[in-house]
Amino acid sequence: MSYRNLVEHPGPKKLLALDGGGIRGVITLEVLQRIESMLAQQLGAGDTFVLADYFDYIGGTSTGAVIAAGLAKGLRVGQLMDLYVARGAEMFDKASLLHQYHYRYDAERLKGLLQDVLGKDTTFGSEDLKTLLLMVLRNATTDSPWPLSNNPRARYNDPARADNNLNIPLWQLVRASTAVPVYFPPEVVTVGPREFVFVDGGVTMYNNPAFQLFLMATLDEYRLAWAATESDLLVVSVGTGMSPKADDHLRPGDMNLLFNISSMPAALMYAALNEQDLLCRVFGRCRHGAPIDREVGDLMQGEGLLKDRLFSYVRYNAELSRRGLDELGLSDVVAENVQKLDSVQYIGDLRRVGRAVALDVTPEHFDGFLQAAP
């Protein structure tokens, strides 16, 4: 069944939001593998069950966009895991010395990999997609975030428009969403009569796209306008791990120009990730999630600002600090090895982190939404 059938189909809607984080997407995949297995059992589904049979709308940023697009195509989580494990090194193919002043990794092998998995001729509006799909990019030409959806009602998905986004190759939008500055070159995408330079959506406020996904599913302006109540809408958000750079020995004199240039992007992305999570817990009813901080806690109790919440919310993630790994029972995993976006040689440790997080997944988190998509 095409994703277009989901737009007007009645009943509760299930949304899946996937963070950016490079090769740490392996953590996300381990959690998703547990969700896929649990849902198949709860729904009495057979071996052919995929997450696209359950979720109505899947959104992702950067590596989350890779996974989201694969899931929307109907791939099993195991197929995507095999892709990351077997071909992860191809995703991070060292750039030539001539180009390393601009970026560390060449994008040609990643481009070929995405074309192999998603289909070279598959467009963003392809009938092959089984769910609605959101991907977050940053348009460097216009200096603006571009959260793109294949919602057929959306303003810029009108077939009469020359710049109809649904005509863009799916692999190219995914590649653009993964174009992390410093790591990969930008992606130039032709949209109607214009060309735009795109970089990774993780350098916007939506490296965690959960709240934006909720907005695009419910706001009238996005022309989908699904019902926004905690019994009508479930948002499941899966992270790639947080890595706060706490340093008890930092002194003001250490914060030179090079320090600030190297640390500010990560600091802003970490703050944005937490803000998106906080917004989901304030406007949604949080069913599961680690504490935001020591002041607000996990916001799973009390009424907060709203007596009637706008959606039900579940968040799975890990803290990749020494303390966080110890709490997961992974005292032998070196924190620095699993914090980097390109730690391909430590995929085994990343998988262990993901499996530890996946232990939190229970059917109770999905109560009231245990029915397959139409």
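Attention here is on the structure that accompanies the text. (Residues numbered from 1 in each chain as written. Predicted model: local features only at pLDDT ≥ 70, side-chain atom pairs only at ≥ 80, totals over all residues. Heavy atoms only, no water.)

1. Focus: the environment of Trp 171
Line of reasoning, step 1. The topology assignment puts Trp 171 in helix α5 (residues 170-177).
Line of reasoning, step 2. Between the C-alpha atoms of Trp 171 and Ala 69, which are 102 residues apart in sequence, the distance is 8.6 Å.
Line of reasoning, step 3. Excluding residues that lie within four positions of it along the chain, Trp 171 makes contacts with Lys 111, Leu 114, Gln 115, Leu 118, Gly 119, Lys 120 and Glu 187. (Helix = DSSP H or I, 4+ residues; strand = E, 2+ residues; numbered from the N terminus. Contact = heavy atoms within 4.5 Å.)

2. Quick word on the pairing of strand β5 (residues 132-139)
Line of reasoning, step 1. A large share of β5 lies buried, amounting to seven of its eight residues.
Line of reasoning, step 2. Taken together, the five bridges between strand β2 (residues 57-61) and β5 define a ladder with parallel strand orientation. Paired with Thr 61 across the bridge in β5 is Val 136.
Line of reasoning, step 3. Sheet topology note: the β5/strand β6 (residues 144-149) ladder contains six bridges and is antiparallel. Across the sheet, Leu 137 pairs through a bridge with Trp 146, a residue of β6. (Buried < 20%, exposed > 50% of the residue type's maximum accessible area, 1.4 Å probe, protein only. Pairing = 2+ DSSP bridges.)

3. Considerations on the pairing of strand β11 (residues 312-316)
Line of reasoning, step 1. In terms of burial, β11 is largely enclosed, as five of its five residues are buried.
Line of reasoning, step 2. A two-sided burial pattern is seen for β11, the buried positions comprising Ser 312, Val 314 and Tyr 316 on one face and Tyr 313 and Arg 315 on the other.
Line of reasoning, step 3. Direction of pairing for strand β9 (residues 233-238) relative to β11: parallel, over a ladder of five bridges. Pairing of Ser 237 across the sheet is with Arg 315, part of β11.
Line of reasoning, step 4. In the sheet, strand β10 (residues 285-288) pairs with β11 via three bridges, with the strands oriented parallel. Bridge pairing in β11 links His 288 to Val 314.

4. What about α5?
Line of reasoning, step 1. Within α5, eight of the eight residues are buried, which leaves the element mostly enclosed by the surrounding structure.
Line of reasoning, step 2. Of all the residues in α5, the buried ones are Leu 170, Trp 171, Gln 172, Leu 173, Val 174, Arg 175, Ala 176 and Ser 177.

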